Every structure is written in structure tokens, then in C-alpha cells.
Amino acid sequence: MKILVALKQVPDTETKIKVAADGKSLDATDVKWITSPYDEMAMEEALRIKESRGAEVVAISVGEDRTRELLRNALALGADAAVLIRSAEAGDPLAVARILADFARDKSFDLILLGHTGFGGDHGAVGPMLAELLGVAQAHVVTRLELGEDTFRAEREAEGGFERIEGSLPAVITAQRGLNEPRYPSLKGIIGAKKKPIEELEAGPIESTIRVSTLTLPPARPEGRKLEGSAAVQAESLIQLLRNEAKVI
Amino acid sequence: MIIVFCELKDGRLRKPSAESLSEARRLADSGGLQVAALFAGASCIGSEEAARYGADLILQAEAPALAAYSSDGFAALLADAVQARRASILLAAGTAMGKDVAPRVAARLGAGYAADVTGLSLAGGRLQATRPMFAGKAFADCEFTSPIQVATTRPNVFPVAESPRPLVQEALPAPAGDFKAVVKELLAKSAGKVDLTEADVIVSGGRGMKEGANFKLLEDLADALGGVVGASRAAVDAGWGIPHAMQVGQTGKVVSPSLYIACGISGAIQHVAGMSGSKVIVAINKDPEAPIFRIATYGIVGDLFEIVPLLTASLRGQH
């Protein structure tokens, strides 16, 4: 079985977001970069499949120089190969999906795993787009995955519960929290990864379909009000305020 | 033309779809466009309701093969409809289904896609979208550069507006049904409850709940308010058996209800990112210095185990 795991490098989730001088991008000063948490789950799932039934795992990322660090970590975790595709189009999910599809096409991957969304862009779109571009099945926002010979069964979050999806391989599966608990790389893995090569490619010319024109911070919420009095008085005044002032109940 | 992919539940138009339709009508009026509502399923009974929210045309794909949702099947159907009608814009509600199918359709059409938009306008006939990024820590204005534009609207943001049109219905050709992946079963965890992202009222608990069993207090309050229960990451990670599907925050659900009641939640950056879009925030916490009070519309410094049952009892007394 051949598995492609697509990883995105994102700002740490505790990052305080600042807008850059151009008014439309993230100020990357002081940003700590991590592998998107859902992509770590995709990687973990690939490693578990490799361990249980044997698989060749290729890690890929669309990024820049600093993204090598993320791929080095993927190798340390157990990926067999790592590919960096340089591109400045990381803001457009369709551009990223096209770059990944161009790489994956003709390489006969049975399974493509990635996180259901990458922190930052928050489109949650690359997985379904990649599935469409490759003409394969998808299961998006998956919390459970079982593989057959040429089939898969997956559970995904839906309104008020979970959907069970059945489909054929090859497929694109996007990971949601609950799928597994990602491991840390072993010392042996980290040392071994230093000797493994990272293949570097340039993305072909890709036209973007959407771009950010301005990035702003949300307006500060107006100063709130602390309620006074005994518990019973506070509870009663809250209900009156919600009903008569805020009019939300 | 703007096509809006609409969802039915129990023969009724789902509220997030009514929101998308209402917004499509508003956009169409600003740009002299028509609105078509598209329904797909084994039955489209109930789709007439779309005319009330401004659909000039109701497209119905009714076939046994569409009884169960399929990403690839529905995406092909939607893309065919967009091309056949020469629509320039496709909208869907940002529901589990909408966010599953819309990006797939966009890829099929070579169209730009914006997820979870909170504001839309037309400029030179093209869509412009405002949307949260970094889980709501920032907002982006986006310009599309593709001839066709696809977006999902974030639930609970766009108002539902009635704008009745005469009922015009057309059937769409039924697909063959050789789909690559199909939903086989819905495993309902909480029957009849709406999803957090669509809920109008959310009562959330954090570390201050002390143990999982205490979430019963929040369920009672949520029931009295017609809302649903959420949780902070601290509560989900505490090993109390609170499922991740209930988590509100940057690594959970990003929500925008009318009313968000945070009980025993300190207000960590990653939680606030997921709920600061709520219209009214109530914080109940015994620590007066908790950061949650900085964003709360109404704050109660006190013991949630005392306050929450008082709220529930008072609300029940009114009914």
C-alpha cells in the first residue's frame, strides 16, 4: 500500500495574531511554527497502517525553507520519504490542492491522508478538492477509519451525530481529533531522519482563484457588566437582562 | 444566476439553508441576478419553502440514488447544474454537508472557494467575501479571481428574510448512482439536537465543572433555553468522558450563537477564538480575575453550582 500524507506548517495555536505591514498577511515575527495538529493525526494514522499491514509512507508539504523542519520531523516519526514543494500560493486552497494533485497523479497512492483543516486559512477545503482533482472518493472530518482490500469505512462528524461512510480506494481521508493520539518521534528516529533526504521541487505556474485583500483583527467587544447581589438576585437580574435588554431569550 | 445548495430535514428547509438563501436574494437584488435553490435527495418534498426566501427557481434532483449523501455524487450534480445554468455563484450553508460538498464542486469547476463566510458583496459582478481566519482571531476580506465563485455561509450569521417569489420548479436529470463513497448510516449521538455550530444558545462548561457528571446541570439549563451544551478544551482533555465533538475553541468548533453561557471557563485564548463571535456572552466564574470576564456581556462572579440551578429553575418557572 502507498500512502501520501500532506502536512501544513502553521502558527502555534497559542499564537497572538498580528497583521503585517502590508495589511493583508500574518506578521510572522515571533511566530512559532508547528505541524497543523490535524495533520499530525493524519501522519499517525499512516504510521499505524504501515505498522499493521505494511505501507510506504510519503510525507509532502507545500511551503518554503522553514517547512523542511516539519518534513524532517515526519521522517523522524517514520515516513519513508519526504517532499517539499516550494510555492507562494499557500493562501488559496485550490492552488494547494492542484499542486498536491499534480504531484500525486500517476504515482498510484492508495490513500491520501491530511488534516480536515489547517489552522490559519480555516477553509477545510484541500482534502475534498484533492479528491475531486484526482477523481477519487473522499471522507472528510474523519474520527474512525477501517481499511479493507480495496475499500474503506469511515466515521465522520455530522449534525447531531456521526455518519458512517463506505467507499472505494484510492481515497482522500481527512483527520479530525478523535481519530488517534499522535506519537512523538523516538530519539533513534530523530537521528535516523538526519541522514534521509528531503526531495525539493518547485510548483509549476498555478493561477490563484482567491486572495486576501485585507486582514484585520476583530473589533474589541464592548466593556461588559458584572452583576451584583446574592446568587438569587444575580440569577434573576441575568434572566431579566437577557430577556429585556439583550433580547436573546 | 446564484445557485444555493439547500438541505431539507424532515420535509422542512433547514435554517442554515434559509440563511444562505436570504443572503443570496439580497446579493441577487444588488446585482440584478436570479436565485435558484437546488435540492437533491430521494424526495424533495418541502423544497417549495425556498420560494418564501426569495428563490426565483427551485431545482429538484429527485432519485433513489440520492437517498444517501455522496460527496462525489452530489458534487458532480451541483457542478453540472452550475454549468447548465451558467451560474456564476454557488452558495451553500456551512453545515457538515455544505462544507463537504462545496470545496469538491469548486475544484470541479476550477472555482475559488471561501469557507464559513460572515459577509458577502458583489463588486463588478464578482463575489467578495469576509471570513474568519486563524479560528476567528482575524478577519479577511477576500477577492475571487475565478469566473465562478463558491462559498459556504457560516450558520447563525446571516439573517433569515422572507421575500416570497412565485413557485417555479424544475427537475434536474437524475445521476446514475455509481458513486465512489456513500453515507451508509447516521449514528445519532444526541437525537434531535442541533449541532453546536448551528445552535442559537450554547451553555458551555470548563475545568470549573470539576467532573463530567456535573454537566447534567448545564444540560438542564440548555434544555430550559432550547440550547445545546458545549465544553472547553480543558474539560474535554480532563478525561471526564466529554467527547471532542462538544469542544468549542480553536481546535474544536467555532460557534456564533445569539447567547453563549460560559460556566467555569477561564477564557484561554484558544477557547475565546472559538466563541468570541457570539452575540451575547455570559460568564459565570468564581475567579473575578478570569480573562473570560473581559469579553463577557454579563458577568457573574460566583459559584456556578449555585447560580446555574437558580437560572434553570427560574426559566422553568416562567413556562
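Residues numbered from 1 in each chain as written. Chains lettered and ligands numbered in written order. Predicted model: local features only at pLDDT ≥ 70, side-chain atom pairs only at ≥ 80, totals over all residues. Heavy atoms only, no water.

Chemist: Sorry, what's going on with the overall build of chain A here?
Modeler: Within chain A, the secondary structure is distributed over 6 helices and 13 strands. Projected onto the principal axes, the alpha-carbon positions of chain A cover approximately 65 × 45 × 40 Å. Within chain A, the proportion of its 249 residues that are buried is 53%. By sequence separation, contacts in chain A at least 24 residues apart represent 67% of the contacts at least 6 residues apart. Approximately 11,200 Å² of chain A is accessible, and the part contributed by carbon and sulfur atoms is 51%. When the 32 basic and 39 acidic side-chain charges of chain A are each reduced to a single mean position, those positions are 3 Å apart. (Helix = DSSP H or I, 4+ residues; strand = E, 2+ residues; numbered from the N terminus. Buried < 20%, exposed > 50% of the residue type's maximum accessible area, 1.4 Å probe, protein only. Contact = heavy atoms within 4.5 Å. Areas by Shrake-Rupley, 256 points an atom, 1.4 Å probe, with all protein chains shown as cover. Lys, Arg positive; Asp, Glu negative; His and termini not counted. Charge placed at Lys NZ, Arg CZ, Asp CG, Glu CD.)

Chemist: Sorry if this is basic, but what is going on with the domain arrangement of chain B here?
Modeler: For an interface, size is often stated in terms of accessible area lost upon the parts coming together. All names here are of chain B. We note that the domain assignment places domain 1 (2–171) and domain 2 (196–318) within chain B. Placing a centre on the C-alpha atoms of domain 1 and another on those of domain 2 gives a separation of 31 Å. Contacts between the two partners involve 11 residues from domain 1 and, on the opposite side, 12 residues from domain 2. The tally of links from domain 1 across to domain 2 stands at 1 salt bridge. The residue Arg 14 makes a salt bridge to Glu 198 at a minimum N-O spacing of 2.4 Å. Connecting domain 1 to domain 2 are 6 residue pairs in polar contact (both at pLDDT 80 or more). Grouping the constituent residues of the side of domain 1 that touches domain 2 by class yields 5 nonpolar, 3 polar and 3 charged. (Domains from an automatic or database assignment. Salt bridge = Lys/Arg side-chain N within 4 Å of Asp/Glu carboxyl O. Polar contact = N/O pair within 3.5 Å; in protein donor to acceptor, adjacent residues only side chain to side chain. Nonpolar A, V, L, I, M, F, W, Y, C, P; charged D, E, K, R; others polar.)

Chemist: Explanation requested: the environment of Ala 235 of chain A in the structure shown.
Modeler: Within the secondary structure, Ala 235 of chain A is located in helix H6 (residues 231–245). Spatially, the C-alpha atoms of Ala 235 of chain A and Arg 153 of chain A are 48 Å apart, while their sequence positions differ by 82 residues. Ignoring anything within four residues of it in the chain, the contact list for Ala 235 of chain A reads Ile 307, Leu 310 and Leu 311 of chain B.

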